[in-house]
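Chains, contacts and geometry: an overview
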Amino acid sequence: MKNDQKKFKTMKNRALGASKADKIEVGDMVSWKSWCMDLLTETFEEKEGLLLEIIEETRLENVVLIGKILPFGASEYDFIPLFSLTKTNKRD
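Residues numbered from 1 in each chain as written. Predicted model: local features only at pLDDT ≥ 70, side-chain atom pairs only at ≥ 80, totals over all residues. Heavy atoms only, no water.

Moving on, we come to the overall build of the chain. Each helix and strand counted, the chain has 2 helices and 5 strands in total. Of the regular secondary structure in the chain, the N- to C-terminal order runs α-α-β-β-β-β-β. Relative to its full complement of 92 residues, the chain shows a buried share of 26%. In the chain, the proportion of contacts linking residues at least 24 apart, taken out of those at least 6 apart, comes to 41%. Of the roughly 7,300 Å² of accessible surface on the chain, a fraction of 52% belongs to carbon and sulfur atoms. (Helix = DSSP H or I, 4+ residues; strand = E, 2+ residues; numbered from the N terminus. Buried < 20%, exposed > 50% of the residue type's maximum accessible area, 1.4 Å probe, protein only. Contact = heavy atoms within 4.5 Å. Areas by Shrake-Rupley, 256 points an atom, 1.4 Å probe, with all protein chains shown as cover.)

Laid out in structure tokens, this is it:
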């Protein structure tokens, strides 16, 4: 347990999602899993979009990195925690 506590208090991990910030850049195509609910089922579906901005927010006294994303086929932005995003190389 002490090892884990020390790991999260380094400058490298100054914010939740900081380790992902090194792997993802603004302009990258990203994917994330989201709940898909209808009248009969609740499942996860993978969504994809374009990362437009990385925002630093303070939530409950902790710094969290949030991605501002324009999902493909959508007209409104989604705000997803950076640790939930994965860079994708899919091309259609």
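Read on, since the account is not over.
Turning our eyes to something else, we now look at the pairing of strand β3 (residues 62–71). Most of β3 is tucked away: 7 of the 10 residues are buried. Remark: 2 residues form the turn of the hairpin made by strand β2 (residues 42–59) and β3, two consecutive strands paired antiparallel; L60 in that turn has positive phi of roughly 50 degrees. Linking two consecutive strands that pair antiparallel, namely β3 and strand β4 (residues 78–81), is a turn of 6 residues; a positive phi of about 85 degrees is found at G73 within it. (Pairing = 2+ DSSP bridges.)

Backbone-to-backbone hydrogen bonds join strands into a sheet, with any given pair of strands oriented parallel or antiparallel. Read from one edge to the other, the open sheet built from 5 strands follows the order β4-β3-β2-β1-β5, with strand pairing classed as antiparallel. Of all strands in the sheet, those bounded by a partner on one side alone are β4 and β5 (86–87).

Right, let's get into the packing of aromatic side chains. Scanning the entire structure with this criterion turns up 0 aromatic pairs. Here K68 stacks its cationic end above the ring of Y77, 4.3 Å away from the centre of that ring. (Phe/Tyr/Trp six-rings, centres within 6.5 Å; stacked < 30°, edge-to-face > 60°. Lys NZ or Arg CZ within 6 Å of the ring centre and 35° of its normal.)

Taken together, the side chains of L50, L52, F72, Y77 and F79 make up a nonpolar region of the molecular surface, amounting to roughly 460 Å² of accessible area. The residue Y77 is located in the loop between β3 and β4 in this model. On the basis of relative accessible area, Y77 is assigned to the partly exposed category, the value being 44%. (Patch = residues over 30% accessible without salt bridge, like charges linked within 9 Å, V, L, I, M, F, W, Y side chains within 5 Å. Salt bridge = Lys/Arg side-chain N within 4 Å of Asp/Glu carboxyl O.)

Take K23: it is sitting in the loop between α2 (18–21) and β1 (29–37). Once the C-alpha coordinates of K23 and T86 are considered, the two residues, 63 residues apart in sequence, prove to be 8.8 Å apart. Sequence-distant contacts of K23, that is, excluding residues within four places in its chain, are made with D28 and K87.

Let's shift gears to the side chain of D28. By the element assignment, D28 lies in the loop between α2 and β1. Every residue in contact with D28, bar those within four places of it in the chain, is listed here: K23, G49, L50, L51 and K87.

This next bit is on the pattern of salt bridges. The final tally for this structure, using the stated rule, is 3 salt bridges. In this structure, K87 and D28 form a salt bridge, with 3.8 Å as the shortest nitrogen-oxygen distance. One end of the pair, K87, is in strand β5; the other, D28, is in the loop between α2 and β1, and 59 residues separate them in sequence. Residue class for K87 comes out partly exposed when judged on its relative accessible area of 44%.

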